[in-house]
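Chains, contacts and geometry: an overview
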Amino acid sequence: MENLSSKELAECVGLWLAEGDRKTKSEITFTNNCTDLIDLFYKTLINLFKEKKDSIRIYIYSNENDKINFQYKEIITKSYIDKRARKPYYILRLASVELVKKWKKIVEDISNSKELYPFILRGFFAGEGNIKEGSHNSRGLRIAQKEKHILLEKMLETLNIKKFIFRPYERSYIIYGKNNWDIFAELKLANLHPEKKKRFWRVYNEFKQDHYENNYLINNVFLELENPKTTRELMKKYKRSFARIQ
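The residue numbers shown here count from 1 along each chain, following its written sequence. Only residues with pLDDT of 70 or above have their local features reported here, since the model is predicted, and side-chain atom pairs are shown and tallied only from 80 upward, although totals for entire chains, interfaces and linings are computed over all residues. Excluded from the side-chain calculation are hydrogens and water; included are all heavy atoms of the structure.

1. Considering the pattern of salt bridges
Two side chains bearing opposite charge may form a pair once their charged atoms approach each other closely. Definition used for salt bridges: Asp or Glu carboxyl oxygen within 4 Å of a side-chain nitrogen of Lys or Arg. Going through the model one piece at a time under the given rule, you end up with 12 salt bridges. Measuring nitrogen to oxygen at the nearest pair gives 2.9 Å for the salt bridge that ties Arg-122 to Glu-11. One end of the pair, Arg-122, is in helix α4 (residues 117–128); the other, Glu-11, is in helix α1 (residues 6–19), and 111 residues separate them in sequence. Across the pair Lys-102 and Glu-98 runs a salt bridge whose closest N-O atoms are separated by 3.5 Å. Here Lys-102 and its partner Glu-98 are both found in helix α3 (residues 97–111), four residues apart, which amounts to about one turn of the helix. Residue Lys-102 is classed as partly exposed on the basis of its relative accessible area of 40%. One connected set of salt bridges, linked through shared partners, spans Glu-133, Arg-199, Arg-202 and Glu-206. The helix count covers DSSP runs of H or I at least four residues long, the strand count covers runs of E at least two residues long, and both are numbered beginning at the N terminus. Each residue's exposure class comes from its accessible area (1.4 Å probe, protein chains only) as a fraction of the maximum for that residue type: buried when under 20%, exposed when over 50%, partly exposed otherwise.

Below is the structure:
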């Protein structure tokens, strides 16, 4: 896998797990409306399977049959009309029963490497994630899924992302809590998709202060008092007002 790091490969595994066709045995496919992600997946495939580079196809769907020029002239593209499409989307396809087996083995090996979970999750969020904004400063991270996803839950738990819930009627996981947003920010889990990256950091920077769990502040302040501390020291550490700390 020359010129392709395990981290980059893990991101593409995450993309495929989120929006690829996992059931077919005859082709590797990836669907998305972001050309940057289609480009990333294309580069990964030609790096892995150079001998089948000429077999890659891209199908473009739009409600107006818009023609979109990719920078790779060697890719055969076909355009179709989908009147339901609010914006153009693309299906990248590599047909090969043999390569599907190789690709699924790569996916299995990557998925079993816990050290690569941040990069798999980054790809997964780029494919199916979203930033949810509501009234009263309600903010959440959403990952669309038709049903519970064992690997996704395992990755969230391993990365210490708590307070997530699967809502069948919404067909998605919802992740709440400033601590979880901090983990997403630290690991740059929303950075792979350019539009989602921009929105994540805008919303994240709007948080005015850390939100602690129930009784977290009072329990920890009492522990701090085992040694002399001033109110101002505690204000600075916990980012709370003088009155709140007192």
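2. Section: the nonpolar core
Nine residue types can take part in a nonpolar core, namely buried Ala, Val, Leu, Ile, Met, Phe, Trp, Tyr and Cys, and a core is a set of them joined through side-chain atoms within 4.5 Å. Judged by nonpolar contacts, the single largest core of 64 residues is most densely connected at Ile-28, Phe-41, Phe-49, Trp-103, Leu-121, Ile-161 and Phe-200. Broken down by element, this core gets its largest block of residues, eight residues, from α1. When checking whether two residues touch, look at their non-hydrogen atoms; a contact exists if any pair is within 4.5 Å. Each residue touching Phe-41, except ones within four places of it in the same chain, is listed here: Cys-12, Trp-16, Ile-28, Phe-30, Leu-92 and Trp-103.

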